[in-house]
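Each chain, letter by letter, is given below.
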Amino acid sequence: MTMQLEIGTNRLSIHGVDAFDLANTLTCGQAFRWWRVGNAYHGVVKGTLLVAEWRDESLHVEDHSVTKLCPDDFVGLVFDYFGLSDDHAQRERSLCKRDRIVAEAIRYAPGIRILRQDPWECLISFIISARNYIPSIMSTIVRLCERFGERVSSDEYEELFGTRRYAFPSASALSDGSVESIESCGASYRAKYIYGMAQLVTTGGADLDLISKQPYEEARESLMSLYGVGPKIAECVLLYSMGRYEAFPIDTWISRVMRFLYLGNPRASVREMHEFARQRFEDLAGFAQQYLFHWARTAKRAYLRTLEQNSR
DNA sequence: ATCCAGGCCATAA
DNA sequence: TTATGGCCTGGA
């Protein structure tokens, strides 16, 4: 199947997108800046306010920013962010062949893509995510954006939807604030990590662009050397913003899946889980993780909880 | 209400 | 190298 583009004024329709589930991709826990409005999803991507909707077997995206992108940049942004040039159906087939459990997870909810997010936003967002619920994460990020970010929504958008949207704040904008001001956005004890990171990036003490070009293991170490960043956050940044699909972030849900469904060992270490994932899923580990994560939290939630209870 | 969540750091063995 | 406790807050 080949894709067809229909480009209008600040709008774009893409027909024939294979293996693509917009709703699950946006709500499966990899991004925190999408809101459902009617049948559409509104989100801010790299300073551009997008309204995306899956309708009539096609993806429709509109630019509602104050300053609209030119058609080429708009198309580029959408393709890059959603990874539309990739043969995702092929990836799904490959994963299904490699593993029965992932095959079941893919059958349950196919078409989940890995978004290509902005590294800085991704890093701060996942620092906020530590020991936090998704709704809390989202509201903290909204408050950070309102306080430190720039307005992105156009007058027409604000009139139409009755709300204003803000871009994710730059490192220098956050470093102009303070630990206290970040804390009061709901960042809690993570505020010191965020403020420190903003200062470090602003002064050039950390360079995310440079890290994104390093070999996988080196990039992982570089990220983990940053105060407040452990293995989970490092791998999330690698996977969700740097296109490193061999990354395999292990949170409590993936941990349950690995311990109870794969390894049959309630006390398996994170190291063992990573080892297993690398051997089984190789270059597609990140996609396996995303399907397993969504499946575990929805279809297998109660079951995995029971297994965990019984193992105590 | 009481509990604990999509981790990390520091400390201790 | 692996195991604990503390961190803060708001939803269930």
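Figured I'd write up the structure that's included with this text. Here the structure is a predicted model, which is why all the values come from computation and not from measurement. (Residues numbered from 1 in each chain as written. Chains lettered and ligands numbered in written order. Predicted model: local features only at pLDDT ≥ 70, side-chain atom pairs only at ≥ 80, totals over all residues. Heavy atoms only, no water.)

1. Description of the overall build of chain A
Across its full length, chain A holds 17 helices and six strands. Expected size for 312 residues packed as a compact globule is a radius of gyration near 20 Å; at 20 Å, chain A falls within 12% of this value. If one aligns the C-alpha atoms of chain A with their principal axes, the spans along those axes are about 55 × 50 × 35 Å. For chain A, the residues scored as buried account for 54% of the 312 residues in total. Residue pairs in contact within chain A that sit at least 24 positions apart in sequence constitute 66% of those at least 6 positions apart. For chain A, the accessible area works out to roughly 14,600 Å², and carbon and sulfur atoms hold 47% of it. Between the centroid of the 37 positive side chains of chain A and the centroid of its 40 negative side chains there is a distance of 8 Å. (Helix = DSSP H or I, 4+ residues; strand = E, 2+ residues; numbered from the N terminus. Rg over C-alpha atoms; globule rule 2.2 N^0.38 Å. Buried < 20%, exposed > 50% of the residue type's maximum accessible area, 1.4 Å probe, protein only. Contact = heavy atoms within 4.5 Å. Areas by Shrake-Rupley, 256 points an atom, 1.4 Å probe, with all protein chains shown as cover. Lys, Arg positive; Asp, Glu negative; His and termini not counted. Charge placed at Lys NZ, Arg CZ, Asp CG, Glu CD.)

2. Side note on the packing of helix H5 (residues 119-129) against helix H13 (residues 231-241)
With their axes 9 Å apart at the nearest point, H5 and H13 run at an angle of 145° to one another. By crossing handedness, the relation of H5 to H13 is classed as right-handed. From H5, Pro119, Cys122, Leu123, Phe126 and Ile127 reach across to H13, where they touch Lys232, Ile233, Cys236, Val237, Tyr240 and Ser241. Here the residues of the contact of H5 with H13 sort into nine nonpolar, one polar and one charged. (Axes fitted to C-alpha atoms, helices over the stretch in contact; angles between N-to-C directions. Left-handed = near helix turned anticlockwise from the far one by under 90°. Nonpolar A, V, L, I, M, F, W, Y, C, P; charged D, E, K, R; others polar.)

3. Some thoughts on the environment of Leu223
Within the secondary structure, Leu223 sits in helix H12 (residues 216-224). Taking relative accessible area as the criterion, Leu223 reaches 0% and is therefore assigned buried. Separated by 100 residues in the primary sequence, Leu223 and Leu123 place their C-alpha atoms 9.2 Å from one another. Discounting chain neighbours no more than four positions away, the residues touching Leu223 are Leu208, Ile211, Val229, Ala234, Val237 and Leu238.

4. Brief notes about helix H15 (residues 270-281)
Between its first and last C-alpha atoms H15 spans 16 Å; for twelve residues at 1.5 Å apiece the expected length is 16 Å, and the two agree. For H15, every residue scored as buried is listed here: Met273, His274, Phe276, Ala277 and Phe281. Projected down its long axis, H15 carries its buried residues within an arc of 165°, all on one side. Opposite the buried face of H15, at more than 90 degrees from it, the exposed residues are Arg271 and Gln279. Those residues of H15 that are buried are in contact with helix H3 (88-98), helix H4 (100-108), H12, H13, helix H14 (252-262) and helix H16 (285-297). Positive backbone phi, approximately 50°, marks Glu282, located one or two places after H15. (Expected span 1.5 Å × (residues − 1). Arc of directions from axis to C-beta.)

5. A look at the pattern of salt bridges
If you walk through the whole model with that rule in mind, you get 14 salt bridges. For Asp86, the salt bridge goes to Arg91, with nearest N and O atoms at 2.8 Å. In this structure, Arg278 and Glu275 form a salt bridge, with 3.1 Å as the shortest nitrogen-oxygen distance. Of this pair, Arg278 and Glu275 both sit in helix H15, three residues apart, which is roughly one turn of the helix. The exposure class of Arg278 is partly exposed, given its relative accessible area of 49%. With relative accessibility at 36%, the residue Glu275 sits in the partly exposed group. (Salt bridge = Lys/Arg side-chain N within 4 Å of Asp/Glu carboxyl O.)

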